[in-house]
Amino acid sequence: MFRRTASSMKGHSFLHVVKLVSPFVMVVVLQAAIAGFSLEVMSSVRAYVAGEALWSRSQKNAVYFLNLYLHSGDKNQFARYQASLAVPIGDEYARWALERDPIGVEDARTGLLQGGNHPDDVPGLIWLFRYFNRVSFLQDAIREWAATDPMLLELSIFGEVIRSELEKGPSQDAARLQFLSSRLSELNAEFTVHANRFSTVLGEGSRAIKLTLTCINIATAATLILLLIWHTRRLVLQRQAFEAALHDEKERLAWQASHDWLTGLANRRAFEARLQSELDNIAAGSLALILLDLDQFKTVNDSCGHLAGDRLLCQISSLLQQDRRARDLVARLGGDEFGLILPECSPAHAVDIAERLRRSLELFSFAWDDRVFAVTASIGVTCIADRNTTLEDAMRRADAACYRAKDKGRNRVQVDSVPPDVVLVARPREAARA
């Protein structure tokens, strides 16, 4: 059973730890996911910008080499033209594959590789096109890209026309050469316009994405910081509540250790500690010590039960605390025995207090059900002015005075008047009560 309990406690502790850290883990995972997403988007946009630069350079090279071929008839220039033209044609082929339904991922990969894009950039290019082609900046860039399709077709046709004409021999028609060369320049200018727009749109989109993702990352980081502050504050409050509860529990245990559970008065332990402190620091005037024993308390307990006896003790405790000074101490020493410590109290005043207590108890009557009991007490008083008096000696002198009060007939105050060098021996309590 103890093993099951320990296992259950460990499981509960583990779940508590998981509950504490799970919000932080979720926010950190979210932050990492957003950071990864940001890097992927920016990397893909960067790949499109690099691809556009390669596309634009290849298109210009194609026009340049075709123009050289037109004037020289050198087949090597035509081969260079074809190689340069293959780059924008490959990109065009890839875009067509991505626009059709269903998407031709492998065809798009082949076209992008033909377009000279790095193999590691190809997945990002495809991913960005597939899932973000409806985003305004990318939509505008694709529109500019698609606008060059007719020009690429015309450039391809121009190449074939020029080759077919030059295969018959060098052209001698200067006007024809001028027309073809001018058209190539116009195509190049049209390509440049769309390429610049494509690059501008991508640049603006890249900056907008960077700003958006930066704001998202800042918001997520702020959320994490706020969560950390909230969680830390919660832990601090829990710790403070725990410390307060622990302090209250310590005070409760300390109170229980020094007080009687039934009456709320100080117990014998607290009484003796206070008496020792007063004996160690006797100031001007004497210290009065009063011990009080209820007469015939056993009669109430035996005839009405312990509940009645407890009720009587509580009422007596309230009576003893009436008119006491703040520095006086009233304690229940055990059973029906009570004690009072009266610092800086003269013998006459101590006797007066004891007599008033006896009179108050004599006038007090305890009712339980249909029975009424008279309550009296035997009271012993001793006054101490000598710092050399020990705790045991002070208690023995007061106890002896209380027993003499009982021996003389109860319901009376007996003052200890024995000289300090006389040793007092108290009779056993059982014999006094007999």
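These numbers come from a predicted model, not from an experiment.

Chemist: Could you give me a rundown of the nonpolar core, with the residues and numbers involved?
Modeler: Core analysis: the largest hydrophobic core is formed by 46 residues, its most contacted members being Tyr-48, Leu-66, Tyr-81, Leu-155 and Ile-162. Among the elements of the structure, α1 (2-72), α2 (75-99), α3 (105-114), α4 (122-132), α5 (136-146), α6 (149-167) and α7 (174-258) are those that each provide at least two residues to this core. Contact partners of Leu-155, with chain neighbours within four places excluded, come to Ala-62, Val-63, Leu-66, Tyr-81, Leu-85, Leu-184, Leu-187 and Phe-191. Counting 35 residues, the second largest nonpolar core, distinct from the first, contains Leu-294, Leu-320, Ile-353 and Ala-354.

Chemist: Describe the pattern of salt bridges, and please don't skip the residues or the numbers.
Modeler: Applying the stated rule across the entire model yields 28 salt bridges. Here Asp-302 makes a salt bridge to Lys-298, at a shortest N to O gap of 2.8 Å. Of the two residues, Asp-302 and Lys-298 are both situated in helix α9 (residues 297-304); the distance of 4 residues between them amounts to about one turn of the helix. The salt bridge involving Asp-416 is made with Arg-397; its shortest N-O contact spans 2.8 Å.

Chemist: Describe the confidence of the model for the chain, with residues and values.
Modeler: Put simply, the chain has an average pLDDT of 85, and 91% of its residues get 70 or more. Within the chain, no element has a lower average pLDDT than helix α13 (residues 429-433), which sits at 37, and none a higher one than strand β3 (residues 337-342), at 96. Confidence drops under pLDDT 50 across residues 418-434; counting only partners more than four residues distant or on other chains, this segment forms 23 contacts.

Chemist: Tell me about the side chain of Arg-332, and please be specific about residues and values.
Modeler: Mapping Arg-332 onto the fold places it in strand β2 (residues 329-334). Among the polar contacts made by the side chain of Arg-332, one reaches the side chain of Asp-260 at a distance of 3.2 Å. Separated by 3.0 Å, the side chain of Arg-332 and the backbone oxygen of Gly-335 make a polar contact. The contacts of Arg-332, once residues within four sequence positions are left out, are Asp-260, Leu-262, Thr-263, Leu-265, Ala-266, Asn-267, Arg-268, Leu-313, Glu-337 and Phe-338.

Chemist: Quick one: what's the story with α2, residue by residue and with numbers?
Modeler: Here α2 spans 36 Å end to end across 25 residues, near enough to the 36 Å set by a 1.5 Å rise per residue. Its axis deflected by about 25 degrees at Ala-86, α2 carries its strongest bend there, up to four residues before the proline Pro-88. Between the side-chain oxygen of the N-cap and the backbone nitrogen of Asn-76 there are 3.0 Å, and the N-cap of α2 in question is Asp-74.

Chemist: Would you mind going over the packing of α2 against α5 in detail, with residue names and values included?
Modeler: At a minimum axis distance of 11 Å, the contact between α2 and α5 shows a crossing angle of 125 degrees. Between α2 and α5, the angle is such that the two are oblique. Taken as a pair, α2 and α5 cross one another with a handedness that is left-handed. Across the interface between the two elements, Asp-91, Glu-92, Arg-95 and Glu-99 from α2 touch Ile-142, Trp-145 and Ala-146 from α5. Here the contact of α2 with α5 is built from residues that sort into 3 nonpolar, no polar and 4 charged.

Chemist: I'd love a proper account of empty space enclosed by the protein, names of residues and values included.
Modeler: Evaluation of the coordinates by the stated rule reveals 2 cavities of 30 Å³ or more. Taken as a whole, the largest cavity holds about 170 Å³ of empty space. Taken together, 15 residues make up the lining of the largest cavity; nearest its centre are Gly-51, Glu-52, Trp-55, Trp-145 and Phe-198. Put simply, the parts of the chain that give the lining of the largest cavity at least two residues each are α1, α5 and α7. Here the lining of the largest cavity gets 5 residues from one element, more than from any other, and that element is α1. A class-by-class count of the residues in the lining of the largest cavity yields 8 nonpolar, 4 polar and 3 charged.

Cut-offs applied
- Residues numbered from 1 in each chain as written.
- Predicted model: local features only at pLDDT ≥ 70, side-chain atom pairs only at ≥ 80, totals over all residues.
- Heavy atoms only, no water.
- Core = buried A, V, L, I, M, F, W, Y, C linked by side-chain atoms within 4.5 Å.
- Buried < 20%, exposed > 50% of the residue type's maximum accessible area, 1.4 Å probe, protein only.
- Helix = DSSP H or I, 4+ residues; strand = E, 2+ residues; numbered from the N terminus.
- Contact = heavy atoms within 4.5 Å.
- Salt bridge = Lys/Arg side-chain N within 4 Å of Asp/Glu carboxyl O.
- pLDDT = per-residue confidence, 0-100.
- Polar contact = N/O pair within 3.5 Å; in protein donor to acceptor, adjacent residues only side chain to side chain.
- Expected span 1.5 Å × (residues − 1).
- Bend = angle between axes of the 7 residues up to and from the residue.
- Axes fitted to C-alpha atoms, helices over the stretch in contact; angles between N-to-C directions.
- Parallel < 35°, antiparallel > 145°, perpendicular 65-115°, else oblique.
- Left-handed = near helix turned anticlockwise from the far one by under 90°.
- Nonpolar A, V, L, I, M, F, W, Y, C, P; charged D, E, K, R; others polar.
- 1 Å grid on protein atoms, 1.4 Å probe; cavity = no way out; pocket = protein on both sides within 12 Å on 5 of 7 lines; lining within 4 Å.
- Points joined across faces, edges and corners; volume = space filled by probe spheres on them.

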